[in-house]
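Okay, here's what each chain looks like letter by letter:
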Amino acid sequence: MTTSHAARDIDTSRPHSARMYDYYLGGKDHFDIDTKAAETVAAVYPGIFVCARENRAFMHRATRVLAREHGIRQWLDVGTGIPTEPNLHQVAQSVVPEARVVYADNDPLVLKYAERLMRSTTEGRTTYIEADVNDPQSLLDAPELAEVLDLDRPVALSLNALMHFVTDAQDPYGIVTRLLDVLPSGSALALSHCTPDFDPSTWQKVTDIYNNAGTPVQFRSREDVARFFDGLELLDPGVSVGHRWRPDSEPTATDAEVSLWTGVGIKP
Ligand SMILES: C[S@@+](CC[C@H](N)C(=O)[O-])C[C@H]1O[C@@H](n2cnc3c(N)ncnc32)[C@H](O)[C@@H]1O
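These remarks concern the structure in this document. As the structure is a prediction and not an experimental result, all values here were calculated from the model. (Residues numbered from 1 in each chain as written. Predicted model: local features only at pLDDT ≥ 70, side-chain atom pairs only at ≥ 80, totals over all residues. Heavy atoms only, no water.)

**As for the overall build of the protein**
Link 1 in the chain: A tally of regular secondary structure across the protein gives 12 helices and eight strands.
Link 2 in the chain: In terms of overall dimensions, the protein is globule-like: its C-alpha atoms have a radius of gyration of 17 Å, near the 18 Å expected for 268 residues.
Link 3 in the chain: Here the C-alpha coordinates of the protein stretch approximately 45 × 45 × 35 Å along the principal axes.
Link 4 in the chain: Buried positions account for 54% of the 268 residues belonging to the protein.
Link 5 in the chain: In the protein, of all internal contacts separated by at least 6 residues, the share reaching a separation of at least 24 is 73%.
Link 6 in the chain: Surface accessibility of the protein: about 11,500 Å² in total, with carbon and sulfur atoms responsible for 48%.
Link 7 in the chain: Of the charged side chains in the protein, 25 are positive and 39 negative, and the gap between their average positions amounts to 3 Å. (Helix = DSSP H or I, 4+ residues; strand = E, 2+ residues; numbered from the N terminus. Rg over C-alpha atoms; globule rule 2.2 N^0.38 Å. Buried < 20%, exposed > 50% of the residue type's maximum accessible area, 1.4 Å probe, protein only. Contact = heavy atoms within 4.5 Å. Areas by Shrake-Rupley, 256 points an atom, 1.4 Å probe, with all protein chains shown as cover. Lys, Arg positive; Asp, Glu negative; His and termini not counted. Charge placed at Lys NZ, Arg CZ, Asp CG, Glu CD.)

Dropping the structure here:
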């Protein structure tokens, strides 16, 4: 894992979802081509900035709830994104300093900044794997995963704002099942997923922008997002709009601005 390897692989000839998301979150790790594409999305869907912020906030709350109330000490976070503080391990380790976190993403730019994800507590551990969720077996077979996670103990699988980049043709439900199958009882799935439910015509435009930029997307309905939790026990309040999943304070954004289904389920 070297920067030169990563730099060689970074494609700046077209926008990339991770770098566009970094722009929505107010980060600095994106290029002009990403800014341009992200601004095109924001022009048709100004809620994108709220959506990105609420997505991070859901990750923070879901991680804390799993650590505090469900004894989770290990996380597998796929589609990690460009590091944005606090990263998942910082949230988890603020509750349980010994928390262990494996991060995975297929974007070379995330790999380039992975060192920022390695600033673990001394009691805990983090690692980063360059992997494509469309090949779950390679991810599960990665030696770094076995070094950090004990698959005999519960693990939270964290798939935040990832599965809408996996189209039905790529078997998204089969992928999630494959990842959950290796995890023991008491493990969890925390997932967020953009949806067209509250404003279909706007989300059709957003879909077109991503597809035309070379990033196939499939934003799903509540019913289709709920399918990812089949066989799991959903924690209250069930599959909810991101800002309504156990909010820390009274939600102020509208459902249409957030346009994100979120949920946490426990494996029986
Ligand atoms: C919108 S960002 C979400 C980042 C973070 N999970 C969060 O919720 O804040 C989506 C991330 O998924 C990654 N991604 C997209 N397709 C992927 C794939 N097939 N395998 C692994 N990662 C992928 C992108 O590179 C990007 O970093």
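**Structural notes on unusual backbone geometry**
Link 1 in the chain: For the peptide bond that leads from Glu 85 to Pro 86, omega is -5°, which places it in the cis range.
Link 2 in the chain: Tracing the backbone shows Pro 86 in the loop between strand 1 (74-78) and helix 5 (88-95).
Link 3 in the chain: A cis amide bond, omega 5°, links Asp 236 with the succeeding residue Pro 237.
Link 4 in the chain: Along the chain, Pro 237 turns up in the loop between strand 6 (233-234) and strand 7 (240-241).
Link 5 in the chain: A positive phi angle is found at Arg 246, which is not glycine, with a value near 45°.
Link 6 in the chain: If you trace the backbone, Arg 246 turns up in the loop between strand 7 and helix 12 (255-258).
Link 7 in the chain: Taking relative accessible area as the criterion, Arg 246 reaches 27% and is therefore assigned partly exposed.
Link 8 in the chain: Look at Ser 259: it is not a glycine, yet its phi comes out positive at around 45°.
Link 9 in the chain: Judged by relative accessible area, Ser 259 falls into the buried class, the value being 0%.

**A short note on the site of the ligand**
Link 1 in the chain: Inspection of the region around the ligand gives 20 residues, with Tyr 21, Asn 55, Arg 56, Gly 79 and Asp 105 positioned closest.
Link 2 in the chain: Surface burial for the ligand is 95%, taken as the share of its 600 Å² of free accessible area covered by protein chains.
Link 3 in the chain: When contributions to the shell around the ligand are tallied by element, the ones reaching two or more residues are helix 2 (17-24) and helix 4 (48-69).
Link 4 in the chain: Counting residues per element, the shell around the ligand draws most heavily on helix 2, at three residues. (Near = heavy atom within 4 Å.)

**Let's talk about the packing of helix 2 against helix 3 (residues 32-44)**
Link 1 in the chain: The interhelical angle for the contact between helix 2 and helix 3, taken along N-to-C directions, is 65°, at an axis separation of 9 Å. On the basis of their axis angle, the class for helix 2 and helix 3 is roughly perpendicular. The two elements helix 2 and helix 3 meet at a crossing, and its hand is right-handed. Along its contact with helix 2, which presents Arg 19, Met 20, Tyr 23 and Tyr 24, the element helix 3 presents Ile 33, Asp 34, Thr 35, Ala 37, Ala 38, Glu 39 and Val 41.
Link 2 in the chain: Tallied by class, the residues present in the contact of helix 2 with helix 3 amount to seven nonpolar, one polar and three charged. (Axes fitted to C-alpha atoms, helices over the stretch in contact; angles between N-to-C directions. Parallel < 35°, antiparallel > 145°, perpendicular 65-115°, else oblique. Left-handed = near helix turned anticlockwise from the far one by under 90°. Nonpolar A, V, L, I, M, F, W, Y, C, P; charged D, E, K, R; others polar.)

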